There are 2 protein chains.
Amino acid sequence: MVGPEKRRRREKAQRKKAILKAARRLFTEHGFRPVTVESIAKKAELSKGAVYLYFKSKEEIYGQILQSDIESFHREMLQTFQPGRQASKILFDFADAYIDIFLNEREQFRTLMNFMLNAENLKLSRDVRKEIIRETNSTISLLEKILQLGVDSGEFMNIKPHKIYSLRNILWGLLNGIISLHLFVGDELTREERIRSGVREGVEAVIAGLKKNDCLEKS
Amino acid sequence: MVGPEKRRRREKAQRKKAILKAARRLFTEHGFRPVTVESIAKKAELSKGAVYLYFKSKEEIYGQILQSDIESFHREMLQTFQPGRQASKILFDFADAYIDIFLNEREQFRTLMNFMLNAENLKLSRDVRKEIIRETNSTISLLEKILQLGVDSGEFMNIKPHKIYSLRNILWGLLNGIISLHLFVGDELTREERIRSGVREGVEAVIAGLKKNDCLEKS
DNA sequence: TGGATTAAGGTCAGATTCTGACCCGCAGTC
DNA sequence: GACTGCGGGTCAGAATCTGACCTTAATCCA
């Protein structure tokens, strides 16, 4: 790679980055619909036409922001998986991390929630949607790993593979379901506490049926 | 000034700056002739053609470097002029500053000396040459101000305007003449000391004839 | 209801900027 | 004095950017 070519590649990447940065800020502040491509272009110091040299559509811009946010979200969730600990503890860590990221109100999580809540309105391209689903599945499958760990270490009773798969869906649904529920119910001030305790109780309830000890006690 | 336009102006300025920066480094290292326009372009991450969008010729690049160096040189020389002090002291300060800048071996002074020693080979454009001469005259006229200060304060005897003009030329010529002389004579190791003492003695000799006291003593 | 108006996503012809193959004169060589 | 290669400078075409314009859909108002 020679001189001018290298510079042009670098600048091309810079332009794209500038567009994404401008778009993320605007989307975070105003949501998807109200933000015009023109406003993104101006903020990125480009013309509208130039934006379409880097992205096929407004939704592709949104899709790429979504993707990178979900990737970094996934990266953070991965860090909760520390095989040395008890599986039940890891599960609670997982849930706590999920809530923490959400409550931090970081832009990418807001974008993510916005996606989850409005996915069907978004008409994303097949590829972007597929990629987002892949990433999300990757995070969800962390739950499988945690459950398997509990089984292997003897903490949980022996669970058949298809049951593990179903349990991970239950936990994931629980998490999002409880958060979503509490987003629209009650007042803002108690939301954080309601979400935390709600999720904790839900996870406890699921785990209760898995623990060997509990199982033995019950029998 | 709107978004894209502002960015384009900024980037245009950046390109020009990059060319000048690359050129200065190459000229300093190799001199004027051996540096090819192609090599300047490559170092500035542009093509040769692009260089000619910003400069009419290789010599214009050199001319602009020269100009900015001379400007900053002039700025530094201006700082030696502190009207509170004795005129003779200021004169010595002026000479010392001149030598200091030279001996610091800073790139712009090397460029300047190179210009002074090769001016007639350079075929600079009329405008650039005029501007350089204007700047240089501006620095030289500092000497006039210093001399006038000495006359006004009574330190020097009364000198007629045309004599002041002629004295400033003598001092300036002395400065450059002595430095040039010592650049090509003797060994590198003693050069600094030779230049310093040579210039000092020269300035002392000129001032000797101006001082009122000396004059009175002589008479 | 339905025509008018506005607004915003997307398009494209033309402007701007960049590139590198090419031209040409000149210095060095034989 | 013909030959060669080098390097300053040129220019046609490629790459990139711009903003007026097109299209569509939502909203307004008679």
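The structure presented is a predicted model; accordingly, all values stated were derived computationally and were not measured. (Residues numbered from 1 in each chain as written. Chains lettered and ligands numbered in written order. Predicted model: local features only at pLDDT ≥ 70, side-chain atom pairs only at ≥ 80, totals over all residues. Heavy atoms only, no water.)

A. Focus on the overall build of chain A. A tally of regular secondary structure across chain A gives 10 helices and 0 strands. Secondary structure elements of chain A occur, N-terminal to C-terminal, as α-α-α-α-α-α-α-α-α-α. Each of the 219 residues in chain A was classed as buried or not, and the buried ones make up 42%. Of the accessible surface of chain A, which amounts to about 12500 Å², a share of 52% is contributed by carbon and sulfur atoms. (Helix = DSSP H or I, 4+ residues; strand = E, 2+ residues; numbered from the N terminus. Buried < 20%, exposed > 50% of the residue type's maximum accessible area, 1.4 Å probe, protein only. Areas by Shrake-Rupley, 256 points an atom, 1.4 Å probe, with all protein chains shown as cover.)

B. Spatial organisation of the relation of the copies chain A and chain B. By a simple turn and slide, chain A fits onto chain B: the slide is 0.1 Å along the axis, the RMSD is 0.1 Å, and the turn is 180°. Such a combination of turn and shift is consistent with a two-fold rotation axis. Measuring from the rotation axis to each C-alpha of chain A, the shortest distance belongs to glutamate 11 of chain A, at 5.3 Å. When the interface residues of chain A are mapped onto chain B, 100% of them are again interface residues, pointing to one common binding face. (Least-squares fit on C-alpha atoms with pLDDT ≥ 70 in both. Contact = heavy atoms within 4.5 Å.)

C. Geometry of the pattern of salt bridges. Applying the stated rule across the entire model yields 25 salt bridges over all chains. The residue glutamate 11 of chain B makes a salt bridge to arginine 7 of chain B at a minimum N-O spacing of 3.6 Å. Note that glutamate 11 of chain B and arginine 7 of chain B are positioned in helix H1 (residues 3–30) at a spacing of 4 residues, about one turn of the helix. Each of the two residues, glutamate 11 of chain B as well as arginine 7 of chain B, counts as buried. Taken together, the shared-partner salt bridges in this structure form one network comprising Arg7 and Glu11 of chain A together with Arg15 of chain B. (Salt bridge = Lys/Arg side-chain N within 4 Å of Asp/Glu carboxyl O.)

D. Examining a positive patch on the surface more closely. A contiguous patch of positive charge, built from Lys17, Lys21, Arg25 and Lys43 of chain A, is present on the exposed surface. Per-element accounting of the positive patch gives the leading share, 3 residues, to helix H1 (residues 3–30) of chain A. (Patch = residues over 30% accessible without salt bridge, like charges linked within 9 Å, V, L, I, M, F, W, Y side chains within 5 Å. Lys, Arg positive; Asp, Glu negative; His and termini not counted. Charge placed at Lys NZ, Arg CZ, Asp CG, Glu CD.)

E. Fine view of unusual backbone geometry. Residues and elements named next belong to chain A. Of note in the backbone geometry, glutamate 45 takes a positive phi value of approximately 60° without being a glycine. Relative to the assigned elements, glutamate 45 resides in the loop between helix H2 (37–43) and helix H3 (48–54). In this structure glutamate 45 comes out as buried when scored by relative accessible area, which is 18%.

F. Region of the structure containing the interface of chain A and chain B. Counting residues at the interface gives 11 residues for chain A and 11 residues for chain B. Both faces combined, the contact of chain A with chain B buries some 1000 Å², and carbon together with sulfur accounts for 44% of it. The tally of links from chain A across to chain B stands at 4 salt bridges. For the salt bridge of arginine 10 of chain A with glutamate 45 of chain B, the shortest nitrogen-to-oxygen distance reads 2.7 Å. Broken down by element, the side of chain A that touches chain B gets its largest block of residues, 7 residues, from H1 of chain A. Of the residues in the side of chain A that touches chain B, the class split is 2 nonpolar, 2 polar and 7 charged. (Buried area = accessible area lost by both parts, 1.4 Å probe. Nonpolar A, V, L, I, M, F, W, Y, C, P; charged D, E, K, R; others polar.)

G. Main features of the protein's contact with DNA strand C. What surrounds DNA strand C is a group of 20 residues, the closest being Val37, Lys48, Tyr52 and Lys58 of chain A together with Arg15 of chain B. Atoms of DNA strand C within 4 Å of the protein belong to the sugar or the phosphate in 65% of instances, the rest to bases. Residue lysine 12 of chain B places a side-chain N or O atom 3.5 Å away from a phosphate oxygen belonging to DNA strand C. Side-chain polar atom of tyrosine 54 of chain B to a phosphate oxygen of DNA strand C: 3.0 Å apart, as the coordinates give it. Among the secondary structure elements, those contributing two or more residues to the surface near DNA strand C are H1 and H3 of chain A together with H1 and helix H3 (48–54) of chain B. The dominant element in the surface near DNA strand C, judged by the number of residues it contributes, is H3 of chain B, at 4 residues. Residue classes in the surface near DNA strand C are distributed as 8 nonpolar, 5 polar and 7 charged. (Near = heavy atom within 4 Å. Polar contact = N/O pair within 3.5 Å; in protein donor to acceptor, adjacent residues only side chain to side chain.)

H. Broad picture of the protein's contact with DNA strand D. Of all residues adjacent to DNA strand D, which total 20 residues, the nearest are Arg15 of chain A together with Pro4, Val37, Lys48 and Tyr52 of chain B. Among all atoms of DNA strand D positioned within 4 Å of the protein, those belonging to sugar or phosphate total 65%. Interatomic distance of 3.5 Å between a side-chain N/O atom of lysine 12 of chain A and a phosphate oxygen of DNA strand D. For the surface near DNA strand D, the elements supplying multiple residues, two or more each, are H1 and H3 of chain A together with H1 and H3 of chain B.

I. Summary view of the packing of helix H4 (residues 58–78) of chain A against helix H5 (residues 87–103) of chain A. All names here are of chain A. H5 packs onto H4 with a crossing angle of 145° between their chain directions and a minimal axis gap of 10 Å. When the axes of H4 and H5 are compared, the crossing they make is right-handed. Contact residues: H4 offers Phe73, Glu76 and Met77, while H5 offers Phe94, Ala97, Tyr98 and Ile101. Class assignment of the residues belonging to the contact of H4 with H5 gives a composition of 6 nonpolar, no polar and 1 charged. (Axes fitted to C-alpha atoms, helices over the stretch in contact; angles between N-to-C directions. Left-handed = near helix turned anticlockwise from the far one by under 90°.)

J. Focus on the packing of H1 of chain B against helix H4 (residues 58–78) of chain B. Residues and elements named next belong to chain B. Across the interface, H1 lies against H4 with an axial gap of 10 Å and an inter-helix angle of 85°. Classed by the angle they form, the pair H1 and H4 counts as roughly perpendicular. In this structure, H1 uses Lys16, Ile19, Leu20, Ala23, Arg24 and Phe27 to contact H4, whose residues at the interface are Lys58, Ile61, Tyr62, Gln64, Ile65, Ser68 and Asp69. Its residues placed into classes, the contact of H1 with H4 shows 7 nonpolar, 2 polar and 4 charged. (Parallel < 35°, antiparallel > 145°, perpendicular 65-115°, else oblique.)

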